[in-house]
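# Per-entry structural report
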Amino acid sequence: MIGNKIDRRDFHKLTVTSLLTMSGLASSVKGAPVYRATSPQDPIAKLSGLSSTAEFTGDEPDPNHERFWNVDGYIQKCGGVPAASESHNVVIVGGGLSGLIAGYHLKKMKPLILEQASQFGGNSKGETINSSYYSLGPAYISIPEANSASHRMLNDIGVLKYARMETAADKEVFLNGKVLPNFWSGQHEDIKVFAKMKQLLKGFESNASSFNQMTVNQWIQRHFPQITTTLYEYFQYYAWSSFGATLDEVAAGEFFSWQASEQHGVMVFPGGNSLITQFLYQNLVASVGPTQMRTKSAVLKVTAGNGYVDVVVEESLNKLKTIRAKFVVMAAPKFVAKRIITSIPAAQLQSMNNIEYRSFMVGNVTLRRNIPSKGYDLYCLKKEIPKTPSAAMPFTKGFTDVIFANWAQADKSSPCTLTFYKSFPYQGARQFLLNPFAHNKHRDFMLTELQNYYPELGITAADIGSVRMTLWGHSVPVCRAQQASSPQLALASQPVGNILFANQDNFISPSYESAETSAVAVAMQILKSFRS
């Protein structure tokens, strides 16, 4: 742990034994993942064929803004708070990754999981066409140690056998439109500088917290001024894509602990992290029953009483219900939690208000024919220092990195999909992304930039079968220097009565590891309470 921060490397410590146990570039299972028949609530949506989007998928904001900007007024409009008519030991608010993991660890308590969207999965959703899977959000995790709690959960739900590993030695990038293999060798630029950076990264495996008071740029200026252009460019795009922030903002300790972890490799699944949420969801449906898994359930108010919590939920338009629980797991982000939880202490509310959130976009381009994957996640470099975007300077870059979705299935799936990531590492982006013209504008930015890669990919415009655009408006908590390890951050996630918080913003670390850590912690706390 990094103070009150989660260190990717600390959470999923990779041993030589575990790497050997899970070694091999290909997963142990060939072909498409096998799970039960799909339902509309599934994190992975099954498409019948190639179809492009006319507007963004992802966020479902339209009906929710009126509720959250004036919760009390909306409740009064619906007839006021009804008396409690249903009770549970545990209610989990939010059916994303944190909520589903908390539900998994609490399934003996038969928790009720409420999700306001039409599908479970949060931003860890995906889509599938025929035998091909691709992600609409996060796409990989750190490699868990063999027999760790995370390893056991992934194995128990049946998803681990579909995993494939990519090591730092396999890391490829695009450099001016051409694939550059073994980026971390530094052979393209300066072997000694890259070797020095890899040596310095080892220090972040056990001593990251001391560097969270400074930004990445401050650390580079003090400790690594010899950094090369492409390495700096890679770090900047990584910060944009993974943290939704710039090197002038991100905490150095957190940033470089991620880099250190990835030197040991990453674990990927068909459909990215959506396959994890899909298997968690089906495990929970089998364990607690489908009636305990409810979508389109907007939680409007959560009030802690003496040994209980009342949850007011809108089950259908203007129809409210109050559910009483012994514990509530608030797996929604703090910008939602602060609007629906009553009587949050003033200092805690201020700490919640200090957390910033950024937007990111995912474009999935499915081809009419298969092409060989060039790697898994390739950053698109030009050997130049990128200009930092802002609300005042239009962000016209099409994407920072591209994932070859079929790589996770060893190119055995069809059709072939390329997944492009574009984050908006500045405040104020979301208001422009809600513009009805934003979908087509950013789709065109992406497709125009993709043309630069046609020769290397061996494709033409005629090979593009569909283009699907996904927007997550405020899903990335900004991991700011100083804030990252501060007591004020820990205060934001302190329990309010029997309301406990489980979300990646507990650590302002936009990662699977922080979502899992927070979920496991609250689950263990609740189980301990019931045992005592």
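Quick note: structure is the one above.
Parameters at a glance
- Residues numbered from 1 in each chain as written.
- Predicted model: local features only at pLDDT ≥ 70, side-chain atom pairs only at ≥ 80, totals over all residues.
- Heavy atoms only, no water.
- Helix = DSSP H or I, 4+ residues; strand = E, 2+ residues; numbered from the N terminus.
- Buried < 20%, exposed > 50% of the residue type's maximum accessible area, 1.4 Å probe, protein only.
- Polar contact = N/O pair within 3.5 Å; in protein donor to acceptor, adjacent residues only side chain to side chain.
- Contact = heavy atoms within 4.5 Å.
- Phe/Tyr/Trp six-rings, centres within 6.5 Å; stacked < 30°, edge-to-face > 60°.
- Lys NZ or Arg CZ within 6 Å of the ring centre and 35° of its normal.
- Salt bridge = Lys/Arg side-chain N within 4 Å of Asp/Glu carboxyl O.
- Axes fitted to C-alpha atoms, helices over the stretch in contact; angles between N-to-C directions.
- Parallel < 35°, antiparallel > 145°, perpendicular 65-115°, else oblique.
- Left-handed = near helix turned anticlockwise from the far one by under 90°.
- Pairing = 2+ DSSP bridges.
- Expected span 1.5 Å × (residues − 1).
- Lys, Arg positive; Asp, Glu negative; His and termini not counted.
- Arc of directions from axis to C-beta.

Our focus in this paragraph is the side chain of Asn364. Summarising the element assignment, Asn364 is placed in strand S16 (residues 357–367). The exposure class assigned to Asn364 is buried, which follows from its relative accessible area of 1%. Among the polar contacts made by the side chain of Asn364, one reaches the main-chain carbonyl oxygen of Ser135 at a distance of 3.0 Å. The residues contacting Asn364, other than those within four sequence positions of it, are Tyr134, Ser135, Leu136, Thr417, Leu418, Thr419, Ser466, Val467 and Arg468.

Below, the discussion takes up the packing of aromatic side chains. Counted by the stated rule, this structure contains 33 aromatic pairs. With 5.8 Å between their ring centres and 50° between their planes, Phe399 and Tyr453 make a pair best called tilted. Placement of the pair is Phe399 in the loop between strand S17 (377–381) and strand S18 (401–404) and Tyr453 in the loop between helix H15 (438–450) and helix H16 (454–457), with a sequence separation of 54 residues. We note Arg164 situated over the ring of Trp407; from NZ or CZ to the ring centre the distance is 3.8 Å. When the ring centre of Trp69 is taken as origin, the NZ or CZ atom of Arg339, which lies over that ring, is 3.9 Å away.

Now for the pattern of salt bridges. Within this structure, the stated rule accounts for 17 salt bridges. With its nearest N and O atoms 3.6 Å apart, the salt bridge here joins Glu315 to Arg294. Of this pair, Glu315 sits in strand S14 (residues 309–316) while Arg294 sits in strand S12 (residues 293–294); the two residues are 21 residues apart in sequence, bridging distant segments of the chain. Arg324 serves as the salt-bridge partner of Asp310, at 2.7 Å between the closest nitrogen and oxygen. A residue pair is termed long-range when its members are at least 10 positions apart, and Asp310 in strand S14 and Arg324 in strand S15 (residues 319–330) qualify at 14 residues. Exposure remark for Arg324: the relative accessible area of 33% places this residue in the partly exposed category. Within the structure, one salt-bridge network assembled from shared partners comprises Glu86, Arg294, Glu315 and Lys321.

Below, the discussion takes up the packing of helix H5 (residues 97–105) against helix H11 (residues 274–288). Between two packed helices, what matters for the description is the angle formed by their axes and the separation of those axes. It is the contact of H5 with H11, at a shortest axis distance of 10 Å, that shows an interaxial angle of 40°. By the angle class used here, H5 and H11 are oblique. Crossing angle aside, the handedness with which H5 passes H11 is left-handed. Packed against H5, whose contacting residues are Leu97, Leu100, Ile101, Gly103 and Tyr104, the element H11 presents Ile276, Thr277, Leu280, Asn283 and Leu284 at the interface.

The subject of this paragraph is the sheet that holds strand S8 (residues 164–166). On the basis of which strands lie adjacent, the open sheet formed by three strands has the order S7-S11-S8 and antiparallel pairing. A single partner strand is all that each edge strand has here, and the edge strands are strand S7 (141–142) and S8. Inspection of the sheet shows S8 paired to strand S11 (residues 266–268) by three bridges, in the antiparallel sense. Within S11, the position partnered with Glu166 by the bridge is Val266.

This next bit is on the sheet that holds strand S5 (residues 126–129). Pairing is mixed in the open sheet, where three strands are placed in the order S1-S5-S6. Looking at the sheet topology across the chains shown, the edges are occupied by strand S1 (44–47) and strand S6 (132–135). Direction aside, neighbouring strands of the sheet carry axes that sit 25° apart on average. Bridge count for S1 against S5 is four bridges, and the pairing is parallel. Residue pairing across strands places Ile44 opposite Gly126, the latter belonging to S5.

Moving on, we get to helix H9 (residues 229–243). For H9, with 15 residues, the first-to-last C-alpha span of 20 Å sits near the 21 Å given by 1.5 Å per residue. Most of H9 sits inside the fold, with 14 of its 15 residues counted as buried. Where H9 begins, one side-chain oxygen reaches toward the backbone nitrogen of Leu231, 3.3 Å away; that side chain belongs to Thr228. Positive phi shows up at Gly244, right after H9, with a value of about 65°.

We now examine the side chain of Glu516. Within the secondary structure layout, Glu516 lies in helix H18 (residues 512–531). Summary of buried charges: Glu516 has no salt-bridge partner, and the nearest side chain of opposite charge, Arg152, is 9.2 Å away. A polar contact of 3.1 Å, which involves the side chain of Glu516, links it to the side chain of Ser150.

For Ser413, the position within the fold is in the loop between S18 and strand S19 (417–424). Along the sequence, Ser413 and Pro270 sit 143 residues apart, while their C-alpha atoms lie 9.6 Å from each other. Among all residues touching Ser413, those that are not within four sequence positions of it are Ser131, Ser132, Asn370 and Asn406. In this structure the side chain of Ser413 is engaged in a polar contact, spanning 3.0 Å, whose partner is the side chain of Asn406.

A word on helix H6 (residues 149–156). Taken together, the buried positions of H6 are Ser150, His151, Met153 and Leu154. Along the axis of H6, the buried residues cluster in a sector spanning 165°; they form a single face. Packed against the buried residues of H6 are H5, S7, H11 and H18. At the C-terminal side of H6, Gly158 shows a positive phi close to 90°.

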